Amino acid sequence: MKQKRVLSLVLALLLLCGSLTSCADVEQSEKTQTDPESSVTKAEGTVLRDDLPAGLNYGGDEIVFISRYREGWSSGELTVPELNHETVNDAVYERNLAVEERLGVRIKNIEINTSDYDEVANKVKLAVQGGSKEYDIMASPVNGTVPVMLTGTLADLRKMEYIDLEKPWWSQGFNETAEYGDAQFAATGSMVLSMYRFAFVTVFNQRLFTEANQKFLYDYVENGTWTLDKQISLVPLFHQDNGNSTQDPKGDVYGFVTGNLISVDPYWSSCEISILDRDEDSGFVMGFDSAKLHDVMDKVLKLYYGTDDATYVFKNYGHDDEQIDIRDAFAAGYGAMATLRILELENEVMRSMTDKYGVVPMPKYDEAQKEYRTFLHNQFTVLSVPSTVEESRQDEIGAVLEALASESYRVVRPAYYETTLRTKLAQDPQSAKMMEIVANNIYMDEGVLYSRQLDDFYKYPRSVVQANQNDIISHYAGLNKKFNRLLKNLLGDLDKVSGGASA
């Protein structure tokens, strides 16, 4: 089983440190400062800085972003209209102002208000095909960016002056997955908060656990026994029917509330099932264990349907809105446990929830599995540069991206973690520790990154859950030839845009 590098969230430091200064001290202690005149990462005081040379000034040039705006998802991560005394908003505003003043640029953001994950990338694709140079930087959902990337529409970030993707403000886990043949056409990290918001977690109602005389889930996580089987055993203990002997989402109390679409996806990561593996000769090969996947789906079906109506499964009706139903039912006290993305925990419904709740990782496959692993929904934002940006301006674009990312690492990320996550979401010290585990164990699989090129291969477990029939082995066995053909085409496209095959 491959072990991909964790996405570089570094939440542990921020959750456990009492101040930003002490956190920066910890971060700096891991760096070695050699020649003070060299371009190695230095600390000014106790704060990490990037390696951009002093005196860069681009004479008031306008840097044009095109980005997706979706309220609560990607809203406010690149630009905000004004200071409003809200911590994260003001951190974003001040970040942009600092970079504008530092580099002598003006940031303009063309926001496309849409739920369509393709719209922004397609606009850039059309612009590039028409020879237009109207956009400098694209901020688009990853699953909309990859298809456009494979057409040669985007510039290789690894060839751009001043962008240092090895720095901690860029996600190393994403880099490891997205790099191919020494080329990389999209990156993500501290600059875009949507990446953090799309991590899946398990939440639990502390009052319901106390009334049922059950230990909080923290104990199971810490002793390594928080597994699918453990969750299945707990679910029936909380079920309270309101007397009509039918499932009522606003009357009964359930041991578990979940959904039949994206809430199924996290089990790929949480149960350590790999889709693609790196191969030195061919690039990628199919990597998952079909027998294990079948067993996982048996457990998932039991969790969903095998607990005497103690689980309520919300059905999808568009735009992932079943996550809202799950959130609202849980916040109203109708569920002892639920599967949610972190972004739902930011909502006022959860902030005003009467009962205290805890946050833990998704359950493991079994106790033999060493680590808890977190799945990241593939609509987080990645940053790219259109290939039509003139080579003479690419150093400027690289400097702006690097400066915004490093400033985000110092200013925006702490504001989000310390204010939004630690204070508002993690309601007790144990939840803060669990958030650390969640964030430090987010993994990216190439099979998810390139899902659309592989006919959404990873999505079939959703159909298993929706039909309550585990035909996963026969389904994937029937796809073997098709999958290999699609994979060959994908590798061919990657070779073309990267300049040659290399894993």
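Scoring rules and cut-offs
- Residues numbered from 1 in each chain as written.
- Predicted model: local features only at pLDDT ≥ 70, side-chain atom pairs only at ≥ 80, totals over all residues.
- Heavy atoms only, no water.
- Helix = DSSP H or I, 4+ residues; strand = E, 2+ residues; numbered from the N terminus.
- Buried < 20%, exposed > 50% of the residue type's maximum accessible area, 1.4 Å probe, protein only.
- Contact = heavy atoms within 4.5 Å.
- Salt bridge = Lys/Arg side-chain N within 4 Å of Asp/Glu carboxyl O.
- Pairing = 2+ DSSP bridges.
- Polar contact = N/O pair within 3.5 Å; in protein donor to acceptor, adjacent residues only side chain to side chain.
- Expected span 1.5 Å × (residues − 1).
- Patch = residues over 30% accessible without salt bridge, like charges linked within 9 Å, V, L, I, M, F, W, Y side chains within 5 Å.
- Areas by Shrake-Rupley, 256 points an atom, 1.4 Å probe, with all protein chains shown as cover.
- Axes fitted to C-alpha atoms, helices over the stretch in contact; angles between N-to-C directions.
- Right-handed = clockwise from strand over helix to strand, strands pointing away.

Asker: How would you explain the overall build of the chain if you had to name every residue and give the values?
Answerer: Secondary structure summary: the chain contains 21 helices and 15 strands in total. Within the chain, buried positions represent 59% of all 503 residues. Taking the intrachain contacts of the chain between residues at least 6 apart in sequence as the baseline, contacts between residues at least 24 apart amount to 77%.

Asker: For unusual backbone geometry, give the residues involved together with the corresponding values.
Answerer: For H85, which is not glycine, the phi torsion reads 70° and is therefore positive. Taking the relative accessible area as the measure of exposure, H85 reaches 79% and is therefore exposed.

Asker: Can you explain the pattern of salt bridges? Please cite residues and give values.
Answerer: Scanning all chains against the criterion turns up 27 salt bridges. The salt bridge partner of D118 is R452, with a shortest N-O separation of 2.5 Å. Placement of the pair is D118 in the loop between β4 (105-113) and α4 (119-129) and R452 in the loop between α18 (446-449) and α19 (460-467), with a sequence separation of 334 residues. Residue D118 is classed as buried on the basis of its relative accessible area of 16%. Look at R452 and you get partly exposed, because its relative accessible area is 33%. The network of salt bridges with common partners includes D320, R327, D328, R341 and E344.

Asker: Mind laying out the pairing of strand β11 (residues 337-341), listing which residues take part and the relevant values?
Answerer: Most of β11 sits inside the fold, with five of its five residues counted as buried. Burial along β11 is two-sided: M337, T339 and R341 facing one way and A338 and L340 facing the other are all buried. Looking at chain direction, strand β6 (residues 200-205) and β11 are connected through five bridges and run antiparallel. Counterpart to T202 in the pairing with β11 is T339.

Asker: Talk me through the side chain of T311; I want residue IDs and the actual numbers.
Answerer: Relative to the elements of secondary structure, T311 occurs in strand β10 (residues 311-314). We classify T311 as buried; its relative accessible area is 3%. At a separation of 3.4 Å, a polar atom in the side chain of T311 contacts the side chain of T307. The contact partners of T311, leaving out residues within four places of it in the chain, are V235, Q247, Y254, F256, T258, L303 and Y304.

Asker: Describe helix α12 (residues 290-305), and please don't skip the residues or the numbers.
Answerer: Taking 1.5 Å of rise per residue, the 16 residues of α12 would be expected to cover 22 Å, and the 22 Å separating its terminal C-alpha atoms lies within 8% of that figure. Listed in full, the buried residues belonging to α12 are K292, L293, V296, M297, K299, V300, L301, L303 and Y304. Where α12 is buried, its residues contact α10 (228-234), β7 (256-259), α11 (267-270), β10, α19 and α20 (472-478). A side-chain oxygen of the first residue of α12 lies 3.1 Å from the backbone nitrogen of A291; this N-cap is D289.

Asker: If you had to explain a nonpolar patch on the surface to someone new, which residues and values would you point to?
Answerer: Nonpolar side chains collect at one region of the surface, where L83, Y93 and L97 lie side by side and expose about 240 Å² of accessible area between them. Summarising the element assignment, Y93 is placed in helix α3 (residues 87-103). Residue Y93 is classed as partly exposed on the basis of its relative accessible area of 30%.

Asker: Kindly report on the sheet that holds strand β14 (residues 381-384), identifying the contributing residues and their values.
Answerer: Taken in spatial order, the four strands line up as β4-β3-β5-β14 in an open sheet, and their pairing is mixed. Lying at the two open borders of the sheet, with one neighbouring strand each, are β4 and β14. Strand-to-strand twist in this sheet, taken as the mean axis angle between neighbours without regard to direction, amounts to 20°. Of the strand pairs in this sheet, strand β3 (residues 61-69) and strand β5 (residues 137-141) are connected by three bridges, and their pairing is parallel. When the bridges of β5 are listed, S67 appears paired with A139.

Asker: Go over the pairing of β3, please, and point to the residues and values.
Answerer: Two strands pair when backbone bridges link them, and β3 and β4 are joined in this way by nine bridges, in the parallel orientation. By the bridge assignment, F65 is partnered in β4 with N109. A crossover connection joins β3 to the parallel β4 through α3; in handedness this β-α-β unit is right-handed.

Asker: Which residues make up the environment of A139, and what values go with them?
Answerer: On the secondary structure map, A139 appears in strand β5. Considered as a pair, A139 and L78 are 61 residues apart in the sequence and their alpha carbons are 8.5 Å apart. When sequence neighbours within four positions are dropped, the list of residues in contact with A139 reads I66, S67, R68, L78, V120, T381, V382 and L383.

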